[in-house]
Amino acid sequence: MTGAVNYRDTFVMAVCKNVIVVVLGISINYINATMVHTFNKHHIFKMNPRFILFIHLVINNIIQLTTSISLFIFTYTFHTIYVSLCCLFILPAIFTTQNTPLNLAFMAAECYIAVCIPLRHSSICTVKRTYIVIGIVWTMSSLSVLPDVFILLATEPPEFLNSRVFCARDTVFRSTYSLKKRDASHILFLVVVWLTLFYTYFRILFAARAADADAKKAKNTIILHGFQVLLCMMVYVQPMLRQMLIYLFPGGVAAINFVVFIINQILPRFVSPIVYGLRDKTFRKYIKKYLCTVNSHPKMPHHKN
């Protein structure tokens, strides 16, 4: 959830990495913002639980990308910042990073109900219940993160809040209790989300085959969804993955940190619009006129006097 950059690159390398991150972030956020605009312009999407969950995922991605990339740039520019300021950036980044897999799990459940229990879909998946689900997603992520804030205030001296640190989750919430709670919550989320996804996706696939539906299309959708979820859920194993890679390649800390940041924070937000937006026929139909800002305007006929 942060641009983990606790090293000094050469000036050219630092500029290249920041340019790559910023260009990717602006491009993805442009697509995401266009999707939010499309959603707001057409009432048909606001009455569909699937699109409500999707647009919540998109907004979540916009917040996550903006905070993470801002923090990435700050760590290169200032290297260390005040703890209190760091918390303002790191908390939204953690919240939204934790939200994404949970949101995907609920989207999978909605898809399962639509395919396997179609007659009850309209009564189970209502607009009101969809917003309640979004509230549950934020509550679960809050219960995972907010205790770290209270542990910080209870265990750290007051001067720590006014000190300058390299802004990362483990340097701010550095208590042993916070580290153990982080690992425990990550394992819990990992198990719950994966069990949900495996159950719903396999039931969807079997239902599609039993109904003599387009099983190949269902397979492709499941593979894309699984890839997206795998990328998003790598945040749960990011600390262990990073430590393992550094152990295997101790001389490549700079490259490892940058690659892990791209894979964990940017790549999943690039896949989301494609998997859940551009591949959907209904959404693609409406977004075409908004996505491309440069359109050929019809020429006005010339009238002779």
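Our subject in this report is the structure included herewith. Given the structure is predicted, the values throughout are model-derived calculations rather than measurements.

Brief notes about the overall build of the protein
Part 1 of the argument: A tally of regular secondary structure across the protein gives 13 helices and 2 strands.
Part 2 of the argument: Relative to its 305 residues, the protein shows a buried fraction of 44%.
Part 3 of the argument: Accessible surface for the protein amounts to roughly 16400 Å². Of this, 70% is attributable to carbon and sulfur atoms.

Describing the state of the cysteines
Here a disulfide denotes a covalent bond joining the sulfur atom of one cysteine to the sulfur atom of another.
Part 1 of the argument: The tally for this structure, following the rule as stated, stands at 1 disulfide.
Part 2 of the argument: Here C86 is linked by a disulfide to C167, with a sulfur-sulfur distance of 1.8 Å. Around the S-S axis, the bridge from C86 to C167 shows a dihedral of about 90 degrees and counts as right-handed. You can see C86 sitting in helix α4 (residues 83-116) and its partner C167 sitting in the loop between β2 (164-165) and α8 (169-172), a full 81 residues away along the chain.
Part 3 of the argument: Looking at C87, it has no disulfide partner, and the nearest cysteine sulfur is the one in C86, 5.8 Å off.
Part 4 of the argument: Given a relative accessible area of 14%, C87 falls into the buried group.

Description of the pattern of salt bridges
Part 1 of the argument: Using the criterion set out here, one finds 5 salt bridges in the structure.
Part 2 of the argument: The residue D148 makes a salt bridge to K181 at a minimum N-O spacing of 3.5 Å. Of this pair, D148 sits in helix α6 (residues 127-155) while K181 sits in helix α9 (residues 176-210), and the two are 33 residues apart along the sequence. Neither D148 nor K181 differs from the other in exposure class; each is buried.
Part 3 of the argument: Among the salt bridges present, the one from D170 reaches R182, with a minimum N-O distance of 2.6 Å.

A word on unusual backbone geometry
Part 1 of the argument: The phi angle at H79 is positive, at roughly 65 degrees, despite the residue not being glycine.
Part 2 of the argument: Note on placement: H79 falls in the loop between α3 (49-77) and β1 (81-82).

Things to note about a nonpolar patch on the surface
Part 1 of the argument: A surface patch of nonpolar side chains, amounting to about 490 Å² of accessible area, comprises F11, V12, V15, V19 and V23.
Part 2 of the argument: Secondary-structure assignment places F11 in helix α1 (residues 11-41).

Quick word on the environment of I274
Part 1 of the argument: Within the element layout of this structure, I274 appears in helix α12 (residues 253-278).
Part 2 of the argument: Along the sequence, I274 and Q228 sit 46 residues apart, while their C-alpha atoms lie 10.0 Å from each other.

Re the packing of α4 against α6
Part 1 of the argument: At a minimum axis separation of 9 Å, α4 and α6 run at an interaxial angle of 145 degrees. Regarding α4 and α6, the two cross each other, and that crossing is right-handed. Here α4 contributes C87, L91, I94, F95, T96, Q98, N99, L102, N103 and F106 to the contact with α6, which in turn contributes V133, I136, V137, W138, M140, S141, S142, S144, V145, L146, V149 and L152.

Criteria and cut-off values
Residues numbered from 1 in each chain as written. Predicted model: local features only at pLDDT ≥ 70, side-chain atom pairs only at ≥ 80, totals over all residues. Heavy atoms only, no water. Helix = DSSP H or I, 4+ residues; strand = E, 2+ residues; numbered from the N terminus. Buried < 20%, exposed > 50% of the residue type's maximum accessible area, 1.4 Å probe, protein only. Areas by Shrake-Rupley, 256 points an atom, 1.4 Å probe, with all protein chains shown as cover. Disulfide = S-S within 2.5 Å. Salt bridge = Lys/Arg side-chain N within 4 Å of Asp/Glu carboxyl O. Patch = residues over 30% accessible without salt bridge, like charges linked within 9 Å, V, L, I, M, F, W, Y side chains within 5 Å. Axes fitted to C-alpha atoms, helices over the stretch in contact; angles between N-to-C directions. Left-handed = near helix turned anticlockwise from the far one by under 90°. Contact = heavy atoms within 4.5 Å.

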